[in-house]
Amino acid sequence: MNPLTEQEIRAAFVNCSKGEAKRLSVPRDLVERPWDDLDFLGWRDPRAPDRACLAVELDGRPVALTLRSPAVTPGTRRSMCSICMTTHTGGVSLMVAAKAGKAGQQGNSVGAYICSDLACSLYVRGKKDAGIGARLHESLTLEEKIERTVANLAAFIAQVTA
């Protein structure tokens, strides 16, 4: 993923108003992020633990979403992320995005089970460990897993922007 600036991220939000995008917390460590290992940038808002955001580059332009999710709580049930296919014990949350445009203004939303820390890219590449049994054995290459992750994320964003 190409590095994004705070201004690019704020301008890329598709499911909130410009005022909301201006007030959202954006990570201050954008320069230090491992951009070469990221398929998307995901973060939780430290001022609002039930809010998460993600930004991705699709078709050469940045697209960002605000997501609602319960605060991360440890659990005992294993769940699988629908974006990167990593299984976690208590590390996957239902994240809900208001639909873009008029549908979102009417209260319509789309949800997906996503890694609570939004570190899907790092789990796929083995740069972050989700514990024993987190990555099921697959015959896919790393590149194919990355392509699947990007395709799953693009499909979720397509549902939000439809």
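Residues numbered from 1 in each chain as written. Predicted model: local features only at pLDDT ≥ 70, side-chain atom pairs only at ≥ 80, totals over all residues. Heavy atoms only, no water.

**A short note on the overall build of the protein**
So, step 1. A tally of helices and strands in the protein yields five helices and seven strands.
So, step 2. Beginning at the N terminus, the succession of helices and strands in the protein can be written as α-α-β-β-β-β-β-β-α-β-α-α.
So, step 3. Compactness check: the protein gives a C-alpha radius of gyration of 15 Å against a globular reference of 15 Å for 162 residues, within 12% of the reference.
So, step 4. With the C-alpha coordinates aligned to their principal axes, the bounding extent of the protein is approximately 45 × 30 × 30 Å.
So, step 5. Relative to its full complement of 162 residues, the protein shows a buried share of 43%.
So, step 6. Pairs at least 24 apart in sequence give 56% of the contacts found in the protein among residues at least 6 apart.
So, step 7. For the protein, the accessible area works out to roughly 8,800 Å², and carbon and sulfur atoms hold 53% of it.
So, step 8. For the protein, the centre of its 21 positive side-chain charges and the centre of its 18 negative side-chain charges are spaced 8 Å apart. (Helix = DSSP H or I, 4+ residues; strand = E, 2+ residues; numbered from the N terminus. Rg over C-alpha atoms; globule rule 2.2 N^0.38 Å. Buried < 20%, exposed > 50% of the residue type's maximum accessible area, 1.4 Å probe, protein only. Contact = heavy atoms within 4.5 Å. Areas by Shrake-Rupley, 256 points an atom, 1.4 Å probe, with all protein chains shown as cover. Lys, Arg positive; Asp, Glu negative; His and termini not counted. Charge placed at Lys NZ, Arg CZ, Asp CG, Glu CD.)

**Here's the deal with the nonpolar core**
So, step 1. Ranked by internal contacts, the top residues of the largest apolar core, which has 45 residues, are Ile9, Phe13, Leu67, Ile114 and Phe156.
So, step 2. Contributions of two or more residues to this core are made by helix 1 (6-12), strand 1 (41-44), strand 2 (51-58), strand 3 (61-68), strand 6 (92-98), strand 7 (109-115), helix 4 (120-124) and helix 5 (142-161). (Core = buried A, V, L, I, M, F, W, Y, C linked by side-chain atoms within 4.5 Å.)

**Considerations on the layout of surface pockets**
In this approach, a probe sized like a water molecule rolls over the atoms, and the result shows the empty space that is left.
So, step 1. In this structure, the largest pocket spans a volume of roughly 330 Å³.
So, step 2. For the lining of the largest pocket, the elements supplying multiple residues, two or more each, are helix 2 (18-23), strand 3, strand 6 and helix 3 (101-105). (1 Å grid on protein atoms, 1.4 Å probe; cavity = no way out; pocket = protein on both sides within 12 Å on 5 of 7 lines; lining within 4 Å. Points joined across faces, edges and corners; volume = space filled by probe spheres on them.)

**Some points on the state of the cysteines**
So, step 1. Taken as a whole and judged by the stated rule, the model has zero disulfides.
So, step 2. Note on cysteine 53: no disulfide assigned, nearest cysteine sulfur contributed by cysteine 16 at a separation of 7.7 Å.
So, step 3. A relative accessible area of 0% places cysteine 53 in the buried class.
So, step 4. Take cysteine 115: it sits in no disulfide, and the sulfur closest to it among the cysteines is that of cysteine 84, at 3.6 Å.
So, step 5. For cysteine 115, a relative accessible area of 0% puts it in the buried group. (Disulfide = S-S within 2.5 Å.)

**Topic: helix 5**
So, step 1. Helix length check: helix 5 (20 residues) gives 29 Å between terminal C-alpha atoms against 28 Å at 1.5 Å per residue, within 8%.
So, step 2. Restricting attention to buried positions, one finds in helix 5 the residues Lys145, Ile146, Thr149, Leu153, Phe156, Ile157 and Val160. Around the axis of helix 5, the buried residues are gathered within 110° of arc, so they sit on the same side. The outward face of helix 5, more than 90 degrees from its buried face, is lined by the exposed residues Glu143 and Glu147.
So, step 3. Elements in contact with the buried residues of helix 5: strand 2, strand 3, strand 6, strand 7 and helix 4. (Expected span 1.5 Å × (residues − 1). Arc of directions from axis to C-beta.)

**Some words on the pattern of salt bridges**
So, step 1. Under the definition given, this model contains nine salt bridges.
So, step 2. Aspartate 29 is the salt-bridge partner of arginine 33, the closest N and O atoms lying 2.9 Å from each other.
So, step 3. One salt bridge in this structure joins glutamate 138 and arginine 148, with 2.6 Å as the shortest N-O distance. One end of the pair, glutamate 138, is in the loop between helix 4 and helix 5; the other, arginine 148, is in helix 5, with ten residues separating them in the sequence.
So, step 4. Classification of glutamate 138 by relative accessible area gives partly exposed; the value is 23%.
So, step 5. Through salt bridges with shared partners, a single ionic network connects Glu6, Arg10 and Arg28. (Salt bridge = Lys/Arg side-chain N within 4 Å of Asp/Glu carboxyl O.)

**Here we look at the environment of aspartate 37**
So, step 1. Along the polypeptide, aspartate 37 turns up in the loop between helix 2 and strand 1.
So, step 2. Note: C-alpha distance between aspartate 37 and glutamate 147 (110 residues apart in sequence) is 13 Å.
So, step 3. For aspartate 37, the contacting residues outside a window of four places in its chain are Ser121, Leu122, Arg125 and Lys127.

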